[in-house]
Amino acid sequence: MNLNFLEFEQPIAELEAKIEELRFVGDESAVSITEEIERLQAKSRALTETIFSGLSAWQVAQLARHPLRPYSLDYIQRIFADFEELHGDRAFGDDPALVCGVARLDGRPVAIIGEQKGRDTKEKVRRNFGMPRPEGYRKALRIMKLSERFRLPLMTFIDTPGAYPGVGAEERGQSEAIARNLFEMSTLRVPIICTVIGEGGSGGALAIGVGDRVLMLQYSIYSVISPEGCASILWKSAEKASEAAEAMGITAERLKSLGLIDAVLKEPLGGAHRNVDAMAASVKSALTDNLSRLEHVSMDELLEARYKRFMSFGSFRE
Amino acid sequence: MNWFKKIVPSRINTEVRTSRRSIPEGLWTKCEECNSVLYRAEVERNLYVCPKCGHHMRLTARQRLDTFLDAGSGAEIGAGVEPVDILRFRDSKKYKDRLLLAQKSTGEKDALVAMKGRLKGMRVVACAFEFKFMGGSMGAVVGERFMRAVDAAMEDNAPLVCFSASGGARMQEALISLMQMAKTSAALAHLSRKGIPFISVMTDPTTGGVSASLAMLGDVNVAEPKALIGFAGPRVIEQTVRETLPEGFQRSEFLLEHGTVDMIVDRREMRDRLAALIAILSRQPVPKESEA
């Protein structure tokens, strides 16, 4: 299996290559080298554990953007049943960078909104690299309203480099589309659970990220600006992205310690892409757990708590 | 100079000298748009709009509120709320030092000033961004002061007006600053439910996280002429689409044409038009300029 190893994973890649080689030899020769392979696999696992136990914020960012990282639809297919995708904002068009629909979570009807990146070049372009345009956010708003009307708990999956900065997006009011979602989500009368599965890119992420619970996968990131963007503005060089990532504290653990998110979902060894089924199962159990807890709270209490939660964000001196 | 003095009649000579003595430094200013040299007092009287070309110069937050509210009616909200650097953020400079520098150069504690006051006798709550304070960027203090302004508006059942001038979220406060977008928007959702009008006035420039939250959420969105207003900055867009942007792109007139703002209002008419508008939206009698 080609795992698209990242630069910091090179020692693991070398070991894995050696294992592959041995397997190849093992097939042809009569000598049993199973033991040797097992020994190397254990070594590779240990090495992965060591490397992954001390990742820098920038390395986590690279994992969050890993080409094999599972995207929204990968989770939706594994977690929900009877998913029906719903298209279009009823005003301008349909934005493939953001998928919406209704489905069942363990039998319970729910509504889903997820930002969607593309896997191959053609799909990447079609999905606009997961950067929604205003019609995407307005489709999401339509589904939010629908979920409220039919009392379907809302699950959102965040994975975007950011809202698209293009001419058309500006003409059609990108700012207003994002702002409107923040405004509406804060008082939407259904439980909302948001999960950052990859990149939580600024306003483009927050536009589907105002909820009662905000969860983050272990190697996902959430930040006000990309590390490269921050570095090019504050350090005057995109090369300082690693420093910027560290300074901004974009990792799940850091944000949890700051009280900005509720929970960190542990990833399989080596990252979600190493075992998508296991990751999806863990996301599913987190969603069902949280939903069960939220469903026991009255809607008025839930809204009050949501409001207080967002009002409490930010430290200052007085 | 000497030979000139000698040939000029003494009467004129004296006049020149006295007038020179009474003119302090900086009495003249230049319009950065049309390059006209302007008499500062006249520019001030004209609310910092160039009398020659109509260019709207940037105002400080206090100039804005002082000229908008009835004279002497403003009482500040949340003045004691001050920034702290809980992330210990440091780029080429420490965030703490950047804050101190901004505080020293602007005389403000942070980038938003909020006040209770009166507009032609009507009770209003008004706030204004201080663009000179780290580009009017929104961090925890801006979010908190804005929220308190909304609370004050709800308490007094008074319409809210916000003059925005900001580059967006404050990077040095990382995700905390992003969350201020949610905080301010959620506060406005509550205001809206109480049926209290919110007028958002976008001034040059209003971009990024501020435009993508509170600034676009007015019951009525107003823009000053030719203000730069948008989500992404023009440079970012140019780098993304790799083409030169059309003339007037992301200016107020462009936004009016594309249906993003309700109206463009000249600063010199701002008080009159907003007062009339607010009176209608809050079902109050036609406002009159008070005797003060």
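Residues numbered from 1 in each chain as written. Chains lettered and ligands numbered in written order. Predicted model: local features only at pLDDT ≥ 70, side-chain atom pairs only at ≥ 80, totals over all residues. Heavy atoms only, no water.

J.: What's the story with the overall build of chain B in this structure? I'm lost.
T.: What chain B contains, in helices and strands, is 11 helices and 11 strands. With the principal axes as the frame, chain B shows a C-alpha extent of 75 × 55 × 40 Å. Relative to its full complement of 292 residues, chain B shows a buried share of 53%. With the model as given, the accessible surface of chain B reaches about 13,900 Å², and the carbon-plus-sulfur share is 50%. (Helix = DSSP H or I, 4+ residues; strand = E, 2+ residues; numbered from the N terminus. Buried < 20%, exposed > 50% of the residue type's maximum accessible area, 1.4 Å probe, protein only. Areas by Shrake-Rupley, 256 points an atom, 1.4 Å probe, with all protein chains shown as cover.)

J.: It is not clear to me how the pattern of salt bridges should be interpreted in this structure. Could you clarify?
T.: Opposite charge on two side chains permits them to pair, given that their charged atoms come into close proximity. For the structure on display, the rule yields 42 salt bridges over all chains. Taking the shortest distance from any N to any O, the salt bridge between Arg64 of chain B and Glu224 of chain B comes out at 2.8 Å. Of this pair, Arg64 of chain B sits in helix α4 (residues 61-68) while Glu224 of chain B sits in the loop between β9 (220-223) and β10 (229-230); the two residues are 160 residues apart in sequence, bridging distant segments of the chain. As far as the burial class goes, Arg64 of chain B and Glu224 of chain B line up, both buried. Connected through shared salt-bridge partners, Arg65, Lys117, Asp159, Glu199 and Glu228 of chain A make up one network. (Salt bridge = Lys/Arg side-chain N within 4 Å of Asp/Glu carboxyl O.)

J.: Looking at this model, I keep getting lost on the interface of chain B and chain A. Mind explaining?
T.: The interface is formed by 57 residues belonging to chain B together with 44 residues belonging to chain A. In terms of surface lost to chain A, no three residues of chain B exceed Met171, Leu175 and Phe231 of chain B, which account for 15% of the buried area on that side. At the surface where chain B touches chain A, the tally comes to 11 residue pairs in polar contact (both at pLDDT 80 or more). Looking at the side of chain B that touches chain A, the elements that each hand over two or more residues are β4 (82-83), α6 (140-156), α7 (174-193) and α9 (234-241) of chain B. Counting residues per element, the side of chain B that touches chain A draws most heavily on α7 of chain B, at 18 residues. Split by residue class, the side of chain B that touches chain A holds 34 nonpolar, 14 polar and nine charged. The pairing of strand β9 (residues 316-317) of chain A with β4 of chain B spans two bridges and is classified as antiparallel. Of the residues in β4 of chain B, the one forming a bridge with Arg317 of chain A is Glu82 of chain B. (Contact = heavy atoms within 4.5 Å. Buried area = accessible area lost by both parts, 1.4 Å probe. Polar contact = N/O pair within 3.5 Å; in protein donor to acceptor, adjacent residues only side chain to side chain. Nonpolar A, V, L, I, M, F, W, Y, C, P; charged D, E, K, R; others polar. Pairing = 2+ DSSP bridges.)

J.: How should helix α14 (residues 299-311) of chain A be read in this particular structure?
T.: Quick reminder: α-helices carry 3.6 residues per turn. Residues three or four places apart thus point the same way. In this model, α14 of chain A (13 residues) spans 18 Å end to end at C-alpha, consistent with the 18 Å of a helix rising 1.5 Å per residue. The complete set of buried residues in α14 of chain A reads Met299, Leu302, Leu303, Arg306, Tyr307, Arg309, Phe310 and Met311 of chain A. Of the surrounding elements, those touching the buried residues of α14 of chain A are α8 (174-185), β5 (192-201), β6 (213-217) and α13 (276-295) of chain A together with α6 and α7 of chain B. (Expected span 1.5 Å × (residues − 1).)

J.: Can you help me understand the pairing of strand β4 (residues 154-160) of chain A in this one?
T.: All names here are of chain A. Buried residues dominate β4, accounting for seven of its seven residues. Judged by which residues are buried, β4 turns out to be covered on both faces: Leu154, Thr156, Ile158 and Thr160 on one side and Met155, Phe157 and Asp159 on the other are all buried. As paired strands, strand β3 (residues 108-115) and β4 are joined by four bridges and run parallel to one another. If you follow Ile112 over to β4, its bridge partner there is Met155. Bridge count between β4 and β5: six bridges; the pairing is parallel. The residue bridging Thr156 from the neighbouring strand is Cys194, located in β5.

J.: Even after reading the chapter, I still don't get the layout of surface pockets, so can you show me in this structure?
T.: The method is simple in principle: a probe with the dimensions of a water molecule rolls over the atoms, and the space it marks as empty is what remains. Counted as a void, the largest pocket has a volume near 1,800 Å³. As for the largest pocket, its lining consists of 46 residues, of which Ile225, Gly229 and Ile233 of chain A together with Gly233 and Val236 of chain B are closest to the centre. Of all the secondary structure elements, the ones that give two or more residues to the lining of the largest pocket are α9 (202-206) and α10 (227-235) of chain A together with β8 (198-207), α8 (208-211) and α9 of chain B. Each residue belonging to the lining of the largest pocket can be placed in one class, and the counts come to 20 nonpolar, 20 polar and six charged. (1 Å grid on protein atoms, 1.4 Å probe; cavity = no way out; pocket = protein on both sides within 12 Å on 5 of 7 lines; lining within 4 Å. Points joined across faces, edges and corners; volume = space filled by probe spheres on them.)

J.: Even after reading the chapter, I still don't get α7 of chain B, so can you show me in this structure?
T.: Residue and element names in this part refer to chain B. Its 20 residues place the ends of α7 30 Å apart at the C-alpha level, agreeing with the 28 Å of an ideal helix rising 1.5 Å per residue. Taking burial as the measure, the 20 residues of α7 include 17 buried ones, the bulk of the element. Just beyond α7, the residue with positive phi is Gly195, at close to 75°.

J.: What exactly am I supposed to notice about the nonpolar core here?
T.: Nonpolar side chains in soluble globular proteins generally cluster together in the buried interior. In terms of nonpolar packing, the biggest core is built from 125 residues, with Leu154 and Tyr222 of chain A together with Phe146, Leu160 and Leu188 of chain B touching the most fellow members. Ranked by the residues each element gives to this core, the list is headed by α7 of chain B, at 12 residues. Excluding residues within four positions of it along the chain, Tyr222 of chain A makes contact with Val196, Gly200, Ala205, Leu206, Met216, Ile250 and Leu255 of chain A together with Leu175, Leu178 and Met179 of chain B. (Core = buried A, V, L, I, M, F, W, Y, C linked by side-chain atoms within 4.5 Å.)

J.: What's the story with the packing of α6 of chain B against α7 of chain B in this structure? I'm lost.
T.: Packed helix pairs are characterised by how far apart their axes lie and by the angle those axes make with each other. All names here are of chain B. Where α6 meets α7, the axes come as close as 9 Å, and the angle between the chain directions of the two elements is 5°. Between α6 and α7, the interaxial angle falls into the category roughly parallel. Where α6 approaches α7, its residues Ala140, Gly143, Glu144, Phe146, Met147, Val150, Ala153 and Met154 are matched on the opposing element by Ile176, Gln180, Lys183, Thr184, Ala187, Leu188, His190 and Leu191. A class-by-class count of the residues in the contact of α6 with α7 yields 10 nonpolar, four polar and two charged. (Axes fitted to C-alpha atoms, helices over the stretch in contact; angles between N-to-C directions. Parallel < 35°, antiparallel > 145°, perpendicular 65-115°, else oblique.)

J.: Looking at this structure, I do not really get the state of the cysteines. What am I missing?
T.: What the rule picks out here adds up to zero disulfides over all chains. In this structure Cys194 of chain A is a free cysteine whose sulfur lies 13 Å from that of Cys100 of chain A, the closest cysteine sulfur available. Left unpaired, Cys31 of chain B is separated from the closest cysteine sulfur, that of Cys50 of chain B, by 3.7 Å. Residue Cys31 of chain B is classed as buried on the basis of its relative accessible area, which comes to 0%. (Disulfide = S-S within 2.5 Å.)

J.: Explain the side chain of Glu199 of chain A to me, please; I cannot follow it from the model alone.
T.: All names here are of chain A. Summarising the element assignment, Glu199 is placed in strand β5. A relative accessible area of 9% places Glu199 in the buried class. Here Lys117 takes part through its side chain, which lies 2.8 Å from a polar atom of the side chain of Glu199. For Glu199, the contacting residues outside a window of four places in its chain are Ala64, Arg65, Lys117, Ile158, Asp159, Thr160, Pro161 and Ile221.

J.: When you look at unusual backbone geometry in this model, what are you seeing that I'm missing?
T.: Comment: phi is negative for the bulk of residues other than glycine, and the bulk of peptide bonds are trans. For the bond running from Asp204 of chain B to Pro205 of chain B, omega is -15°, close enough to zero to count as cis. Looking at the element boundaries, Pro205 of chain B is found in strand β8. Here the phi dihedral of Arg90 of chain A falls at roughly 70°; this positive angle occurs in a residue that is not glycine. Along the chain, Arg90 of chain A falls in the loop between β1 (81-86) and β2 (98-105). Overall, the relative accessible area of 64% leaves Arg90 of chain A in the exposed class.

J.: Would you mind going over the environment of Glu176 of chain A with me for this structure?
T.: Along the polypeptide, Glu176 of chain A turns up in helix α8. Relative accessible area serves as the criterion here: at 18%, Glu176 of chain A is assigned to the buried category. Sequence separation between Glu176 of chain A and Gly166 of chain A is 10 residues, and the spatial gap between their C-alpha atoms is 15 Å. Other than its neighbours up to four places away in sequence, Glu176 of chain A contacts Arg138 of chain A together with Met216 of chain B. A polar contact is formed between the side chain of Glu176 of chain A and the side chain of Arg138 of chain A, at a distance of 3.0 Å.

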